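# Structure assessment
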Amino acid sequence: MCGIVGIIGNEPVAPLLVDALKRLEYRGYDSAGVATLEEGQIARRRAEGKLKNLASRLNEAPLYGMIGIGHTRWATHGKPTEQNAHPHATDKVAVVHNGIIENFKALRDELRADGAVFQSETDSEVVAHLVTRELKRVNDPVVAVRNILPKLHGAFALGFLFAGENDLLIGARKGAPLAVGYGDDGMYLGSDAFALAPFTDRVAYLNEGDWTVIRRNGAEFYDAGNVLVERRIITTQVGSGLVDKGNHRHFMAKEIHEQPEVIGRTIAHYIDMATGDVRLPTDIPFNFKDIRRICLSACGTASLAGLTARYWFERLAKLPVEVDVASEFRYRELPLDKDTLTLFVSQSGETADTLASLRYAKEHGATTLSVVNVATSTMARESDVVMPTLAGPEIGVASTKAFTCQLTVLAALAIFAGVQRGTLSQERARELAQQLIASPGQVADALLLESKIEQVAHKLAKARDVLYLGRGASFPLALEGALKLKELSYIHAEGYAAGELKHGPIALVDEQMPVIVIAPRDHWFEKTVSNMQEVAARGGQIIVIGPKGTAVNAALTPIASIDMPDVVTEFAAIAYSVPVQLLAYYTASIMGKDVDQPRNLAKSVTVE
Ligand code: AGP
């Protein structure tokens, strides 16, 4: 995760850019840089390491331009060196980038064939050359950026500065946050309002897919379809501290929208983006080829991440996985042995039942590996191996970004295990890693369905009971959907294996009960469609979450369809978490429930 800032001012902006970057260092600080216009030409100062090194560089060689952009980096592609530090530039344009451009290799090859010469190993530099090439064609910076954005696949936020344009900055958002600041004597662009707080408390956030044209007299916003739109200017209170709701009503909404960025950051922690190989962030005291089974234990949503991963370990690494909720696991007297790996999943790392299960495993000589979001937690300290999720602080009691980051880590682990056990070739492992790398972009695409999902939520808000169905790796997501709806809206909901419906629960189906079917185009898709038809034949009120046309092709007339991006991936559960989360969020919001702090719950259950 990186930090972006831009300023159109009436004084030299370099020192102001550094001030703003200081407030973005929490996003990453392995290198930093600024670019300004000096007599109309792009000039850069960049430095490896902490921001103070950039400040020293600027003291040695000051910049005086009154328009510029800046960046603080958490390396994903390419080592943290000055050469790889942003801004990346040609003589025409400088760009700062937060996120992952998944298709950068293809774009780089295409641009090289057109004569582009690259200076860095980063995916970001591709954007500078793309805009430069388009500028030659259209000779208009705004049109050039508009034309190249659709070529970029992945989740990203971007800031652009152009030679000869001393009253123009452009920003773009797809899956990573970006805000425009309205100052008394300048206009600003930043990854969040906290970065802009020294200059203004009036900000407008870009929505998913938006891009913005910023000049001294204000900003224009365009949506993903290049339609001119209005974005509300809000007054923020972020002076107090880092964690605020941004432009969202609830922390949960903000955290759902942070998912493309934090999933991307987690992926970059486990996958070498240059080679596409999974490489764990820490050594493990075993080889997966010596592991005979995994016993996985967790609570609530975390346990459902584990249940999802069971399909991936068994399919990819041919490794049997037993999953149990920690409150049962710890009392089972389960025999453990040295070739059993015990795996624990927890956002807080403090959940009493999960911690007790971890201690049971240690007492019985098993190796303990924990996937946790809080690196300083008790579970992190007591585990033999810690695999962190990089979701950042999760304030909403309902777990969202932590869940999808848990899925991401477990998917990477399953690929790694498959390679060690010889069940995955290097080539197949890289294919799967690329599917994982595509997840942030798919999550960002799913977020574009938000207003449709809000409409569908109105159908749930009136329900007394709701059923969620899924098969294979979507079955745990059906359980998660039901859990989210229960804990947020207090509506009774159940998740079921779609194939199990006919063994009793189908008696529940009638014209009153919404049946939500999670049907990504995966190995179980056709069977899931058959189950939908069983429900429809009994008057069930079906809501389909699947590729566009699923209901039509199955000759079904659902009460609603949520048309997801039609991607074939082993890890569809990651992107399909978004509609499940948003359905629960909007149902509870419509019902006026306390979304961030539902009744009877706690963010971390530290008692039995
Ligand atoms: C998530 O929506 C729930 N609030 C809850 O089930 C949670 O996942 C569970 O309590 C486990 O918490 P942990 O991940 O911090 O261990």
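A brief structural summary. (Residues numbered from 1 in each chain as written. Predicted model: local features only at pLDDT ≥ 70, side-chain atom pairs only at ≥ 80, totals over all residues. Heavy atoms only, no water.)

What follows deals with the packing of helix H1 (residues 14-22) against helix H2 (residues 51-60). With their axes 11 Å apart at the nearest point, H1 and H2 run at an angle of 175 degrees to one another. Taken together, the axes of H1 and H2 are roughly antiparallel relative to one another. Seen from H1, the contacting residues are Ala14, Val18, Leu21 and Lys22; seen from H2, they are Leu51, Leu54 and Leu58. (Axes fitted to C-alpha atoms, helices over the stretch in contact; angles between N-to-C directions. Helix = DSSP H or I, 4+ residues; strand = E, 2+ residues; numbered from the N terminus. Parallel < 35°, antiparallel > 145°, perpendicular 65-115°, else oblique. Contact = heavy atoms within 4.5 Å.)

This part takes up the packing of helix H13 (residues 401-420) against helix H14 (residues 426-437). Contact pair H13 / H14: the axes reach a minimum separation of 10 Å and the direction vectors enclose 175 degrees. Judged by the inter-axis angle, H13 sits roughly antiparallel to H14. Facing H13, whose interface residues are Thr408, Ala411, Ala412, Ile415 and Val419, H14 presents Gln426, Ala429, Leu432, Ala433 and Leu436. The class makeup of the residues in the contact of H13 with H14 is 8 nonpolar, 2 polar and no charged. (Nonpolar A, V, L, I, M, F, W, Y, C, P; charged D, E, K, R; others polar.)

Right, let's get into the nonpolar core. Ranked by internal contacts, the top residues of the largest apolar core, which has 102 residues, are Phe288, Trp312, Phe313, Leu343 and Met387. It is helix H20 (residues 572-590) that provides the largest number of residues to this core, a total of 13 residues. Contacts of methionine 387, omitting those with residues within four sequence positions, involve Tyr270, Leu280, Pro281, Thr282, Ile284, Leu369, Ser370, Val371, Val372, Val409 and Leu413. Counting 30 residues, the second-largest nonpolar core is a separate cluster that includes Val127, Leu130, Leu152 and Ala172. (Core = buried A, V, L, I, M, F, W, Y, C linked by side-chain atoms within 4.5 Å. Buried < 20%, exposed > 50% of the residue type's maximum accessible area, 1.4 Å probe, protein only.)

We now examine the pairing of strand S27 (residues 560-564). In the case of a regular strand, side chains alternate between the two sheet surfaces. Burial along S27 is one-sided: Ala560, Ile562 and Met564 are buried, and none of Ser561 and Asp563, which face the opposite way, are. The sheet contact formed by strand S26 (residues 541-547) and S27 spans 5 bridges and is parallel. Following the sheet pairing, proline 547 is matched in S27 by methionine 564. (Pairing = 2+ DSSP bridges.)

Taken together, the 5 strands give an open sheet; going across it, the order is S19-S18-S20-S21-S22, and neighbouring strands pair in parallel fashion. Edge positions in the open sheet fall to strand S19 (321-325) and strand S22 (385-388), since each of these has one partner strand only. The sheet shows a mean angle of 20 degrees between the axes of neighbouring strands, direction not considered. With 6 bridges connecting them, strand S18 (residues 293-298) and strand S20 (residues 340-346) associate as parallel partners. Counterpart to cysteine 295 in the pairing with S20 is threonine 342. In the packing of helix H11 (residues 352-363) onto the sheet, contacts are made with S18, S20 and strand S21 (367-372), and the angle to S20 comes to roughly 165 degrees.

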